[in-house]
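Commentary on secondary and tertiary structure
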Amino acid sequence: MSGKTVLIAQEGGITRLILNRPDKLNAFTLGMHAELRAGLEAAGADPQCRVVVLTGAGRAFSAGQDLGEVGGSAEASSPDAGSRLEQAYNPLIKLITTLEKPVLCAVNGIAAGAGANVALACDLVYAARSASFLQAFARIGLIPDAGGTWALPRLVGAARARGLAMLAEPLTAEKAEAWGLIWKCVDDDKLAAEVAAVAGRLAAAPTYALALAKRALAASSTNTLGQQLDLERDLQKLAGASPDAREGIAAFLEKRAPRYTGRKA
Ligand code: T3D
C-alpha cells in the first residue's frame, strides 16, 4: 500500500515509510501528513510489523512545513499555524513517540524546520554524513515546533538548544552525533545498509519489551525517581510475564540464540 506523497514498503517485519516529494525536499503538506499518519497507524496495528523506518526520497529528509501551503494563509480555507500544529504536527509527534515499536529515522539529507523535529521524535536517528539539521524557524519569524522546544534542551542541553533555535544555523550530522542530538552519523554510501541491518536486528527483538522501555523512558522526563521506580516495577511485571521474557531466559540457560515473537502474550 503506497500513497502519493509517502511510499510504504513492508518486508521481513520492517515497514519503511518514505517521504516522497523530492522536488520540494519532502516538505510537509496536510496531504502528506495524512498519508504518514495512516502509514504509522497501520504499522502500529500490524502484528507482523516489528520496526518502522522513516526516511526521505531524493537529496533531503524533509524541509519542514511546505511554505507554499502556508503562503495561502490569507485565504479563509487555509488553517493558521497553530491549527496546522494542532491538526497535523502534534498528532504526528505523539504517534511516533507512543508507537509500541521502535521507529528508526534515516536522515538521508537536510532535515529543516519541522522536518528536523520529526526526525528527532524517532527512537533512533541515523544520519548521512552529508546531512544536516536546521532549526530554520527563526529565519522566517517562527518558533521551533513539532516538539523541538521539548526535545532540543533534553537532547543537547539548554545552551545548545538556545543557539540552535535562535541562530538557525545548520548543524552537521557529525556534530549532531557528537552533541548527542542523534544516535549515529554514517558515511553516505553506508547509511541504507547500516539502517537496514539495525532494522533487521530490531525486527527480531522482543518488541513488547522495547515498547515498554520506550514508555518508561518517555515518562522519566516528568516523573520523580520514586514515581519512575514504581513505573519500572509495573512495566517490568508486564515484560516479565511476556512470552519473550520466558524465551529470553530459557535461551540464555540453554546457551542458544533466542527466538522472539514480539508478542505481549
Ligand atoms: O504555519 C505552520 O505550518 C507552522 C509550522 C511550521 C513548521 C516548519 O517546518 S517552519 C520551517 C519551514 N522550513 C523552512 O523554513 C526551510 C525552507 N527551506 C530552506 O531553507 C532550503 O530549501 C533548505 C536550506 C532546506 C535547502 O536549501 P537548498 O538550497 O539545498 O534547496 P532549495 O533550492 O532552497 O530548495 C529546493 C526546492 O525545494 C525549491 O523548489 P523549486 O524552486 O526548485 O521549485 C524550494 O522552493 C523547495 N523547498 C524547500 N523547502 C521548502 C520548499 N518548498 C516549500 N516549502 C519548503 N519548506
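Quick note: structure is the one above.
Cut-off values and rules
Residues numbered from 1 in each chain as written. Predicted model: local features only at pLDDT ≥ 70, side-chain atom pairs only at ≥ 80, totals over all residues. Heavy atoms only, no water. Helix = DSSP H or I, 4+ residues; strand = E, 2+ residues; numbered from the N terminus. Rg over C-alpha atoms; globule rule 2.2 N^0.38 Å. Buried < 20%, exposed > 50% of the residue type's maximum accessible area, 1.4 Å probe, protein only. Contact = heavy atoms within 4.5 Å. Areas by Shrake-Rupley, 256 points an atom, 1.4 Å probe, with all protein chains shown as cover. Lys, Arg positive; Asp, Glu negative; His and termini not counted. Charge placed at Lys NZ, Arg CZ, Asp CG, Glu CD. Expected span 1.5 Å × (residues − 1). Pairing = 2+ DSSP bridges. Axes fitted to C-alpha atoms, helices over the stretch in contact; angles between N-to-C directions. Patch = residues over 30% accessible without salt bridge, like charges linked within 9 Å, V, L, I, M, F, W, Y side chains within 5 Å. Salt bridge = Lys/Arg side-chain N within 4 Å of Asp/Glu carboxyl O. Near = heavy atom within 4 Å. Polar contact = N/O pair within 3.5 Å; in protein donor to acceptor, adjacent residues only side chain to side chain. Nonpolar A, V, L, I, M, F, W, Y, C, P; charged D, E, K, R; others polar.

**Let's talk about the overall build of the chain**
A tally of helices and strands in the chain yields 11 helices and 10 strands. A globule of 265 residues ought to have a C-alpha radius of gyration of about 18 Å, and the chain, at 19 Å, matches this closely. Its C-alpha atoms give the chain principal-axis dimensions of about 65 × 45 × 40 Å. A total of 265 residues make up the chain; the buried ones form 45% of that total. A separation of at least 24 residues holds for 66% of the contacts in the chain among residues at least 6 apart in sequence. When the accessible surface of the chain is summed, it comes to about 13400 Å², and 58% of that surface belongs to carbon and sulfur atoms. Between the mean site of the 29 positive side-chain charges and the mean site of the 26 negative ones, the chain shows a separation of 4 Å.

**Observations regarding helix α1 (residues 30–45)**
The end-to-end C-alpha distance of α1 is 22 Å, a good match for the 22 Å that 16 residues give at a rise of 1.5 Å each. Each element contacted by the buried residues of α1 is listed here: β1 (6–11), β2 (14–19), β3 (51–56) and α3 (81–98).

**What about the sheet that holds β1?**
The six strands are arranged β1-β2-β3-β5-β7-β10 in an open sheet whose pairing can be described as mixed. With partners counted over all chains shown, the strands left at the sheet margins are β1 and β10 (184–186), one partner each. Adjacent strand axes in the sheet meet at a mean angle of 20°, parallel and antiparallel pairs treated alike. Of the strand pairs in this sheet, β2 and β3 are connected by six bridges, and their pairing is parallel.

**Notes on a nonpolar patch on the surface**
Together, L67, I140 and L142 make up an exposed nonpolar region whose accessible area comes to about 270 Å². Within the element layout of this structure, L67 appears in helix α2 (residues 67–71). Overall, the relative accessible area of 48% leaves L67 in the partly exposed class.

**Here we look at the site of the ligand**
Close to the ligand lie 23 residues; K24, A63, Q65, R84 and A114 are nearest. Between A63 and the ligand, the recorded distance is 2.8 Å, taken from a backbone N or O atom to a nitrogen atom. One nitrogen or oxygen atom from the main chain of Q65 is found 2.8 Å from an oxygen atom belonging to the ligand. Secondary structure elements with two or more residues in the shell around the ligand: α2, α3 and β6 (110–112). Its residues assigned to classes, the shell around the ligand shows 14 nonpolar, three polar and six charged.

**Points about the side chain of Q135**
Mapped onto the elements of the fold, Q135 is located in the loop between β8 (132–134) and α5 (148–156). A distance of 2.8 Å separates polar atoms of two side chains, one belonging to Q135 and the other to N117. Those residues in contact with Q135 that lie beyond four places of it in its chain are A116, N117, L120, P144, L152, L164, A165 and A168.

**Quick notes on the sheet that holds strand β9 (residues 171–172)**
Sheet architecture is open: four strands sit in the order β4-β6-β8-β9, paired in mixed fashion. On the outer flanks of this sheet lie β4 (60–62) and β9, each paired with one strand and no other. With two bridges joining them, β6 and β8 adopt parallel strand pairing. From the neighbouring strand, A111 faces β8, where its bridge partner is F133.

**Observations concerning the pattern of salt bridges**
Scanning all chains against the criterion turns up 11 salt bridges. In this structure, R233 engages D234 in a salt bridge whose closest nitrogen and oxygen atoms are separated by 2.9 Å. Residue classification places D234 among the partly exposed residues on the basis of a relative accessible area of 38%. Because the salt bridges share partners, they merge into one network encompassing E100, R215 and K264.

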